[in-house]
Amino acid sequence: MTKEELKIKITEIHPEAIIDESGEWLNVSVEAAAFRSFAEQVRMDVMDLDYLFCLTCVDWKTHLTMVYHFSSTTHRHNIVVKVKLDRNEPEIETICDIWRTAELHEREVFEMFGVIFLNHPDLRLLILPDDFVGYPMRKDFEDPINMIKL
Amino acid sequence: MFSLEGLTSIIHEWLNSHLPATFALLAEFVIVGVAAIGLFAILGLGLVWMERKVAAVMQIRLGPNRLGPKGIFQTSADTVKLIMKEALTPANADKFLFNLAPFIVIIVAMLILVPIAFAKNFQIWDLNIGVLYVTAVSSLSVIGILMAGWSSGNKYSLLGAMRSCAQIVSYELSAGLSIISIIVLTGSLKISDIVASQENGWWIFKGHIPAIIAFVIFIIAATAETNRAPFDLAEAESELTAGFHTEYGGMKFALFFLSEYINIFIVCAICATLFLGGWMPFHMGSWEAFNHIMDYIPSSIWFFGKTIFLIFVIMWFRWTFPRLRVDQLLNLEWKYLLPISMFNLLLMTLMAIMGWHF
Amino acid sequence: MLEEIAITEEGDLIINVGPQHPATHGVLHLVLTLNGEIIKKVEPHLGYIHRSIEKMCESLSYRQFIYVTSRMDYLSAHINNHACALIVEKGLNVEVPQRAQYIRVIMDELTRIASHELWWSAMAMDLGAFTPYFLAFREREKINEIMEETCGARLTMNYMVPGGVMTELHPDFQKKVKAFIVDFKKTLHEYNELVTGNIIFQSRMKGIGYISKEDVISYGCTGPVARASGLRSDIRKIAPYDVYDKVEFDEIIETGGDCFARYQVRIKEMSQSIRIIEQLIDNIPEGDIQAKTKAVLKLPKGEFYQRVETARGELGVYIVSEGAAQPYRIKFRSPGFSNLSALDHMVRGYKIGDFIAAMGTLDLVIPDIDR
């Protein structure tokens, strides 16, 4: 499906989504509260976006943005979904029961950025040691012992 | 030609002429004991060196080549290292059994050496139940393994020991049936009789099809009995348990290690005796001239040559095949090898009755 | 190395596998919950080789961050560097000269062969055969020598730069690669005889570690793991980069979904790589090896994503740029991370020996997972 068709489809499902067409793939910005239902529909619908190939978070000093890259193995189209989160209380619904790959990816985002994924079966630190304090990938993370500022 | 039986008769006469009869006998016991231990040591050193060199050749590398010409002193250096190692006994091990287990395994290996004919008239004791004695005593080593596994106080040693025992006990059946197939042809369990009956040709040629099947089954069963690859799940490094001899170090580990190679030597010696004629040179029926030429090579060379060839084949297996999983291993025995060897025994009996062998 | 932690009341055994592992997979710590010999759960504990590459790259320039990435999946070092060079070129709209494109693809395919060789030897060693290790390294040695002459290094080559490749090829390059191709075809036949056709290997790999196509899509598996379950996922076909759209090669798809299918996919991929190299090695066009780029590179404001096919699967590089000389946020989407999440699903209900075989066919490189 082309970008135009995708844009039409997405506005049908979720009229409040903000769509940005610059860039290689369609960028869709969704509200955090509506994200879960949007994700479910996108998976089941004619767009058939069944392959989640990148799940990450970007720290924009005033807020956090979750970035999801979806792909369809049948139609071969990709979209990027972005969700803006509040920096002080970043919470979002998990999607790991729809795309099983999200389980480990969300754990990584949790430990690096501090985003709480609601209803995640096993949210704990993945790569960092169990007693680590702080969220390393945030821009304001300070570690006077280990970090060297150039 | 040089023959070992000349040596034994010289020693025997010398002792009897200089000492009273009982003392001569006692002296002979001591000499035989020392010779057996000496043979062990040399065999152990030699076989470990041979394994490393064979492995190197198959893996396109050189193997030990620093100590001594072609690295023949490598194993002696390893032995010195093992002697100097600290042998820890785990805290919750059963001390008596833990220390006893390696000795049981080595003593069993020494006991099996007794009826084997290394050369013409050169056996420690020519029992009238020679082959039966060997199979019976080799089963005792299972006790030593279980003892080692249980007394280590380590759950994984026990698991490894039990797997080992299951394996050994199962494969003894096929090995035993293959041995019986040849005994059917020879009619006697005595080792000297078995070798003498191969004077006009080795049983593997005279007994054609059933003998070849029995030979193949015996080689497979022998590899499994001695816990060698591809049946070495009990001591596999990339799997979970490190086997029944995990907790052993130093000289005790050396005894287990040595006994494994001695066991290989013994099963190959039995195989050579039963199927390939033992110390009997390669005779072809009644070609007198050919047989006479073959007789010039001393019988001990024949025996050791055949055994070393079979040991090479078993080592070849190790470096070629991957490991079988434990259920596949037992499957192979109970569902395939055992029925085939039973059927083969029937076939051999039929052949012996009808006189269809050479 | 392997020790027992506790026995739970239900009689389940919890054991550690790793982090020091007898098989050459790297520092991976797995906690297995067993019931007798049957596996009930596998839980990976990662982080033993975490070097915070993503955070580090936020303070490195666009020319510098490439060198860090060859340490991620060190067996496909060239391909990692290729991905980073491609994304910078995409951002700056730089046209890479044809000669550089051909060289890059040849180096990529040589790396793929070398990586699959090491996988093959480690896989055989896990199952108990020690000889293939030495045979495979004999081939890898030839590839490493070729790399060393041209790139200067054997493992972390750092040869690809934004705009092309770093230096001119060594004069012996074509000759050596052609000699290697001839030798390799013979030895690939040898490998098939020794390992693939061996009944013991087959019985240890067939029917083990099955994963269906739907699960592969859901778990996000890529590379040979996905292709062995019937999913078309070769990035070289879906989104070709450099000269991949001009060469002819097959995408190997098997439908078995078990360990043997994954094994077959990788072995056949090696033949396809040789086919690609054969088509390119005689036709490398003359020209520049590097496009002219500024000394200090600054990507324009925006986001970029580049996917390449490493030996393990799809590597994704995602850069968020604010127009500065350093990236604002880099994310590396590593193939091993998703493949590892499928391990638990794959081995439930199988025995420990099967678990070792399944992990071998997943071809995990832990620095790739931990980054």
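Conventions we followed
- Residues numbered from 1 in each chain as written.
- Chains lettered and ligands numbered in written order.
- Predicted model: local features only at pLDDT ≥ 70, side-chain atom pairs only at ≥ 80, totals over all residues.
- Heavy atoms only, no water.
- Helix = DSSP H or I, 4+ residues; strand = E, 2+ residues; numbered from the N terminus.
- Buried < 20%, exposed > 50% of the residue type's maximum accessible area, 1.4 Å probe, protein only.
- Contact = heavy atoms within 4.5 Å.
- Areas by Shrake-Rupley, 256 points an atom, 1.4 Å probe, with all protein chains shown as cover.
- Lys, Arg positive; Asp, Glu negative; His and termini not counted.
- Charge placed at Lys NZ, Arg CZ, Asp CG, Glu CD.
- Buried area = accessible area lost by both parts, 1.4 Å probe.
- Salt bridge = Lys/Arg side-chain N within 4 Å of Asp/Glu carboxyl O.
- Polar contact = N/O pair within 3.5 Å; in protein donor to acceptor, adjacent residues only side chain to side chain.
- Pairing = 2+ DSSP bridges.
- Axes fitted to C-alpha atoms, helices over the stretch in contact; angles between N-to-C directions.
- Parallel < 35°, antiparallel > 145°, perpendicular 65-115°, else oblique.
- Left-handed = near helix turned anticlockwise from the far one by under 90°.
- Nonpolar A, V, L, I, M, F, W, Y, C, P; charged D, E, K, R; others polar.
- Phe/Tyr/Trp six-rings, centres within 6.5 Å; stacked < 30°, edge-to-face > 60°.
- Lys NZ or Arg CZ within 6 Å of the ring centre and 35° of its normal.
- Core = buried A, V, L, I, M, F, W, Y, C linked by side-chain atoms within 4.5 Å.

Student: Even after reading the chapter, I still don't get the overall build of chain A, so can you show me in this structure?
Tutor: The helix and strand inventory of chain A stands at 3 helices and 7 strands. Listed N to C, the secondary structure of chain A is α-β-β-α-β-β-β-β-α-β in terms of helices and strands. With respect to the three principal axes, the spread of C-alpha positions in chain A is 50 × 30 × 25 Å. Split into buried and exposed, the 150 residues of chain A put 54% on the buried side. Taking the intrachain contacts of chain A between residues at least 6 apart in sequence as the baseline, contacts between residues at least 24 apart amount to 49%. For chain A, the accessible surface area stands at approximately 7100 Å², while carbon and sulfur atoms represent 52% of it. Charged side chains of chain A number 16 positive and 28 negative; the gap between the two group centres comes to 4 Å.

Student: Honestly, the interface of chain B and chain C in this entry has me stumped. Any pointers?
Tutor: As a measure of interface size, the accessible area lost when the parts come together is often cited. Between chain B and chain C, the contact holds 21 residues from the first and 31 residues from the second. Carbon and sulfur atoms make up 60% of the area that chain B and chain C hide from each other, which totals about 2400 Å². On the surface where chain B and chain C come into contact, there are 1 salt bridge. Note that aspartate 327 of chain B and lysine 351 of chain C form a salt bridge whose closest N and O atoms lie 3.8 Å from each other. There are 4 residue pairs in polar contact (both at pLDDT 80 or more) connecting chain B and chain C. The set of elements that each furnish at least two residues to the side of chain B that touches chain C consists of helix 7 (155–186), helix 13 (299–320) and helix 14 (326–354) of chain B. The element best represented in the side of chain B that touches chain C is helix 7 of chain B, accounting for 3 residues.

Student: What is the right way to look at the interface of chain C and chain A in this model?
Tutor: Taken residue by residue, the interface counts 37 residues in chain C and 40 residues in chain A. Roughly 3300 Å² of surface becomes buried between chain C and chain A when both sides are summed, with 56% attributable to carbon and sulfur atoms. By the criterion of area lost to chain A, the three top residues of chain C are Lys55, Tyr328 and Phe337 of chain C, representing 19% of everything that side buries. Seen at the junction of chain C and chain A, the total is 5 salt bridges.

Student: Looking at this structure, how should I read the sheet that holds strand 4 (residues 63–71) of chain A?
Tutor: The strands making up a sheet are joined through hydrogen bonds of the backbone, oriented either antiparallel or parallel. Residue and element names in this part refer to chain A. Strand order across the open sheet formed by 5 strands is 1-2-5-4-3, with mixed pairing between neighbours. Lying at the two open borders of the sheet, with one neighbouring strand each, are strand 1 (18–20) and strand 3 (51–60). Strand-to-strand twist in this sheet, taken as the mean axis angle between neighbours without regard to direction, amounts to 20°. Bridge analysis of strand 1 against strand 2 (residues 26–30) gives 3 bridges, and the strand direction is antiparallel. For aspartate 20, the partnering residue across the bridge sits in strand 2 and is asparagine 27. Contacts between helix 1 (residues 3–13) and the sheet are confined to strand 1, strand 2 and strand 5 (78–86), with strand 2 contributing the most and set at about 15° to the helix. Running over the sheet, helix 3 (residues 102–113) touches strand 3 and strand 4 and is turned about 10° from strand 3.

Student: Would you explain the packing of helix 12 (residues 335–347) of chain C against helix 13 (residues 352–362) of chain C in this entry?
Tutor: For any two helices packed against each other, the geometry comes down to the angle between their axes and how far apart the axes lie. All names here are of chain C. For the pair helix 12 and helix 13, the least separation of the axes is 11 Å and the interaxial angle reads 155°. Relative to helix 13, helix 12 is oriented roughly antiparallel. For helix 12 against helix 13, the interelement crossing comes out right-handed. Residue-level contacts link Asn339, Leu343, Met346 and Val347 of helix 12 to Phe355, Ala358, Met359 and Leu362 of helix 13. Of the residues assigned to the contact of helix 12 with helix 13, the class counts are 7 nonpolar, 1 polar and no charged.

Student: Could you clarify how one ought to interpret the packing of aromatic side chains in this entry?
Tutor: The tally for this structure, following the rule as stated, stands at 32 aromatic pairs over all chains. Their ring planes at 85° and their centres at 6.0 Å tell us that tryptophan 25 of chain A and phenylalanine 53 of chain A sit as a pair that is edge-to-face. Placement of the pair is tryptophan 25 of chain A in the loop between strand 1 and strand 2 and phenylalanine 53 of chain A in strand 3, with a sequence separation of 28 residues. For tryptophan 25 of chain A, a relative accessible area of 13% gives the class buried. For phenylalanine 53 of chain A, a relative accessible area of 1% corresponds to the buried category. Between the aromatic rings of phenylalanine 70 of chain A and tryptophan 99 of chain A, the centroid separation amounts to 4.6 Å while the plane-to-plane angle is 35°, which identifies the pairing as tilted. Taken together, the positions of phenylalanine 70 of chain A in strand 4 and tryptophan 99 of chain A in the loop between strand 6 (91–93) and helix 3 put the pair 29 residues apart, joining distant regions of the chain. Taken together, the ring pairs connect Trp25 and Phe53 of chain A together with Tyr305 and Tyr318 of chain C into an aromatic cluster. Here the basic side chain of lysine 139 of chain A rests over the ring of tyrosine 328 of chain C, its NZ or CZ set 4.0 Å away from the ring centre. Its end group placed over the ring of tryptophan 203 of chain B, lysine 206 of chain B keeps NZ or CZ at 4.2 Å from the ring centre.

Student: How should I be thinking about the nonpolar core in this particular structure?
Tutor: Buried together is how nonpolar side chains tend to be arranged in soluble globular proteins. Residues Phe65 and Phe355 of chain C are the most contacted members of the largest nonpolar core, which totals 127 residues. The element contributing the most residues to this core is helix 4 (residues 98–127) of chain C, with 13 residues. Not counting chain neighbours up to four residues away, the residues in contact with phenylalanine 355 of chain C comprise Val17, Leu30, Leu32, Ile39, Val42, Leu343 and Val347 of chain C. With 77 residues, the next largest nonpolar core counts Ile106, Val108, Leu127 and Met315 of chain B among its residues.

Student: I keep staring at the pairing of strand 3 of chain A and nothing clicks. Help me out?
Tutor: Moving residue by residue along a regular strand, the side chains alternate between the two faces of the sheet. Residue and element names in this part refer to chain A. A large share of strand 3 lies buried, amounting to 9 of its 10 residues. As paired elements, strand 3 and strand 4 share 9 bridges and run antiparallel to each other. Bridged to leucine 52 within strand 4 is phenylalanine 70. Between the antiparallel neighbours strand 3 and strand 4 lie 2 residues.

Student: Is there a simple way to think about the pattern of salt bridges in this case?
Tutor: A side chain of one charge can pair with a side chain of the opposite charge if their charged atoms are brought near each other. Under the counting rule described, the total for this entry stands at 48 salt bridges over all chains. The residue arginine 87 of chain A makes a salt bridge to aspartate 59 of chain A at a minimum N-O spacing of 2.7 Å. Here the residue arginine 87 of chain A occupies a position in the loop between strand 5 and strand 6, and aspartate 59 of chain A occupies one in strand 3, the gap between them amounting to 28 residues. Look at arginine 87 of chain A and you get buried, because its relative accessible area is 14%. You can call aspartate 59 of chain A buried: its relative accessible area is 2%. Among the ionic pairs, glutamate 141 of chain C bridges to arginine 154 of chain C, the shortest N-O distance being 3.1 Å.

Student: Is there a simple way to think about the arrangement of the chains in this case?
Tutor: Taking contact number as the criterion, the leading pair out of 2 pairs of chains in contact is chains A and C. For chain A and chain B, which are not in contact, the least C-alpha distance works out to 25 Å.

Student: How should I be thinking about the sheet that holds strand 7 (residues 302–309) of chain C in this particular structure?
Tutor: Residues and elements named next belong to chain C. Strand order across the open sheet formed by 3 strands is 7-8-9, with antiparallel pairing between neighbours. The sheet is open, and its two edges are formed by strand 7 and strand 9 (329–333), each paired on a single side. Across the sheet, the mean angle from the axis of one strand to that of its neighbour is 10°, orientation sign disregarded. With 5 bridges joining them, strand 8 (residues 314–321) and strand 9 adopt antiparallel strand pairing.

Remember, this is a structural readout, not a statement about activity or role.
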